[in-house]
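Inside the fold
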Amino acid sequence: MKKQMIFLVLLFFQAVLYAQPRFDSSIFKPLKPKLTEQLQIVYNAKGRDLEFSDAIHATFYLFEDFEWKQLNLPMEKNTVGIWTVMAPVKSSTAFIAVKFFQGEFDHPDAMDNNQNRGYAVAVTDANGKPVAGAYLGEAAFQVPTIAGGGIFSYYSSQPPALPAAYLKGLAEKEFALSGKQYLRYFQSFMNLQKFALEGAFPAYAKKLINDELKHKDISDQNLNQLYSFASVRLQDKALTQLIEQRVNTDFPTGATARFIAYSNTMGSSPNKGEVIASYEHFLRRFPVQEWRQHPNGQGFIYYAVYRGLGSAYFESKQLDKFAKLYDDIDFRTGNELMRWNIMRAYMFKMVGKDSLYQVSEAILPKLIARKGDNSYQEDFDRQTQADSNVVKNLDDRLFTHISLLNDLKKYQEARKYFLLLSEDGKYNNAELNEINLQVLEGLGDDKQILPLLEMSARYNAMTPRMFDKLKAIYLKGHDGDEAAYQTYLAGLKSNEEKAAIQAYVDHNWVNHPMPDFRLETAEGLFITPEDWKDKIVVVDFWATWCRPCIMAFPGMQLLVDKYAQDKHVAIYMLGTMQTGNYKDKSVNYVRGEGFRFNLLHDSVNPKTNEQDLVFKQLVPLFGDSSIPRKIIVKNGRVRYCSGGYSGSPSKLMDELSLAIEILKNEK
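A brief report on the enclosed structure follows. (Residues numbered from 1 in each chain as written. Predicted model: local features only at pLDDT ≥ 70, side-chain atom pairs only at ≥ 80, totals over all residues. Heavy atoms only, no water.)

**A look at the packing of aromatic side chains**
Applying the stated rule across the entire model yields 45 aromatic pairs. Centre to centre, the rings of phenylalanine 282 and phenylalanine 286 are 5.4 Å apart; their planes meet at 40°, and the pair counts as tilted. Of the residues examined, phenylalanine 286 reaches a relative accessible area of 3% and is grouped as buried. Aromatic pair tryptophan 291 and tyrosine 302: ring centres 5.4 Å apart, planes at 40°, arrangement tilted. Residue tryptophan 291 is found in helix α10 (residues 288-293), and its partner tyrosine 302 is found in helix α11 (residues 299-315); the two are separated by 11 residues along the sequence. In this structure tyrosine 302 comes out as buried when scored by relative accessible area, which is 4%. (Phe/Tyr/Trp six-rings, centres within 6.5 Å; stacked < 30°, edge-to-face > 60°. Buried < 20%, exposed > 50% of the residue type's maximum accessible area, 1.4 Å probe, protein only. Helix = DSSP H or I, 4+ residues; strand = E, 2+ residues; numbered from the N terminus.)

**Examining the packing of helix α24 (residues 553-562) against helix α28 (residues 649-664)**
Closest axis-to-axis distance for the α24/α28 pair is 7 Å, and the angle between their directions is 45°. Taken together, the axis directions place α24 and α28 in an arrangement best described as oblique. Judged by the twist between their axes, the crossing of α24 over α28 is right-handed. Two secondary-structure elements touch here, α24 through Pro554, Gly555, Met556, Leu558, Leu559 and Lys562 and α28 through Pro649, Ser650, Leu652, Met653, Leu656, Ser657 and Ile660. Of the residues assigned to the contact of α24 with α28, the class counts are nine nonpolar, three polar and one charged. (Axes fitted to C-alpha atoms, helices over the stretch in contact; angles between N-to-C directions. Parallel < 35°, antiparallel > 145°, perpendicular 65-115°, else oblique. Left-handed = near helix turned anticlockwise from the far one by under 90°. Contact = heavy atoms within 4.5 Å. Nonpolar A, V, L, I, M, F, W, Y, C, P; charged D, E, K, R; others polar.)

**So, helix α4 (residues 186-197)**
Taking 1.5 Å per residue, 12 residues should reach 16 Å; α4 reaches 16 Å between its end C-alpha atoms and fits that length. Within α4 the residues assigned to the buried category are Phe186, Ser188, Phe189, Met190, Asn191, Leu192, Gln193 and Ala196. In this structure, the buried side of α4 is in contact with α2 (134-142), α3 (164-178), α5 (201-213) and α6 (220-234). Positioned one or two residues after α4, glutamate 198 has a phi angle of 55°, which is positive. (Expected span 1.5 Å × (residues − 1).)

**Observations regarding the pattern of salt bridges**
Within the structure shown, the criterion is met by 34 salt bridges. Notably, a salt bridge pairs lysine 272 with glutamate 315, separated by 3.0 Å at the nearest N-O pair. Here lysine 272, found in helix α9 (residues 272-285), pairs with glutamate 315, found in helix α11; they are 43 residues apart in sequence, far enough to count as distant. Take lysine 272: its relative accessible area is 34%, and that puts it in the partly exposed class. For lysine 493, the salt bridge goes to aspartate 654, with nearest N and O atoms at 2.8 Å. Of this pair, lysine 493 sits in the loop between α21 (482-492) and α22 (495-507) while aspartate 654 sits in helix α28, and the two are 161 residues apart along the sequence. (Salt bridge = Lys/Arg side-chain N within 4 Å of Asp/Glu carboxyl O.)

**Thoughts on the side chain of glutamate 212**
Summarising the element assignment, glutamate 212 is placed in helix α5. Not counting chain neighbours up to four residues away, the residues in contact with glutamate 212 comprise Lys180, Tyr182, Leu183, Ile218 and Leu226.

**Quick word on the pairing of strand β17 (residues 637-643)**
With five of seven residues buried, β17 lies mostly within the body of the structure. Pairing of strand β16 (residues 629-634) with β17, which is carried by six bridges, proceeds in the antiparallel orientation. Paired with isoleucine 631 across the two strands is cysteine 641, which belongs to β17. Counting the residues between successive antiparallel strands, the hairpin from β16 to β17 contains two residues, one of them, asparagine 635, with a positive phi of roughly 55°. (Pairing = 2+ DSSP bridges.)

What follows is the structure in structure tokens.
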């Protein structure tokens, strides 16, 4: 019996010790800081990872208004080697944590957070009593998932779990201290209770919410908290419906009712009629014009509703209703609707071009008129970023519309929209420059063709036909002087563009062994590494299903033509990761489009039966399995590697040409 008592006492003593905060408060002066006092951090780095640091910063994690906030401050070293800094304390500060580091905050050279246990202290009021939020802050500091936010960055790894009894004590103390304020930090408080109560939590939460609903003066904002928790966290349908009834009775046009109505829309239904009816009902009940008079954080609802409704109209061919939406929507929403529906329908030929033109012509002026409405502002940290995003997106939408007008030979209208492009948008897209050339030719406006070609060359966004056109114009006016043309062409490119190409090539040098191979040609012959001996070989990995690969073909054709007579350079298009009768598909597509390529087929991997043997062996070099992917091989080693496609045939040719010439000139 005596041994059992000793064991129980020891067990109790161990539990009491374990149910204490892990963090150290000794670096704070005074040890129990008050809101009315200055708080100093006194840090002795001796024996720690920062002992020999010559510059230490302190990162403060401040639990204010039941949320974590962050602040970095430099520390000062006194004559005896102690580092100090004053900590900011506001009337709303309840808990303070700090860690120390040298170097950059995101990538410190060294740091000290008390071996992941933490340095922290709770704040008291003038009478020495804990401030509202102090106990929640103590729990949230040691269990980051309770309040989330920036506190996760405090730790280098997930802290170990805390005893439920300790957390339960903190929850009870916070509830007694803050009273009904818990609705201000409801999610965090309930997270704490879940850790504390474990299996008993659902019953506790349900009772708490039911008790709260008995109060007559509960606000719309608090009902929103309760609704979100009951529907998402508890997934209690009966309780959720009870809250929903209260919301619709007390605040039928409020923010919570709006959110509930949005949650009940039928956007995921496969029946387009149901989707349309539910979204139209929502907008009748909660018109966007009324929301704009008193906007809150629910703009995302209207963005989602109009996107869903617009797509449903478009897919069900109700194009008049689709266009009518542009009377109400902002630039951000209208841009996305046009991108997803108009551009996609044009690319994949989902709607007849005449019909597509009618709706595109109806909505584009309305979209342009709203470009200054700042609807992208919340998506970016700086106004300049938001403005730049608007310009880029509007250029893309104009590109689609101009392409459509060109196809329909509406050249005069197309030319009008060209003038609305940004300065960069007018010339930095080779495909659009080619369309502009076609428009000018269609209008018979020969005077504008040469300036267009010269500006396109300056931006290095030229297609093969544009090069042919520019060369023909120049030679006609200069007695067929080929040498002078090459000098003229080189002089058109800006120094900035040349420097950008050089920097890009410099970034993509590698030195990796080329795997052994035996690759089949379009003619049914085979090549091996021996065939590439003493040559510089460009290999373009592509597939018939890869749109960027196909878009890069004109640039690769420019490269092939440039080195057609160079016996020391070989260029191959290597089809990979294709299915079915991939050999015929590849050959027929390339020849059908008129490209003059040396084609190769990747070998089939005997282990997986996939057509990717050579490509997959190079994935460790590439870092991913995406295509298009260009490599340049010399003496059995991959020396250059680049992925993706910039959109400019001439830029692709210049990039690979520069890399080829550098390799040719190696000693």
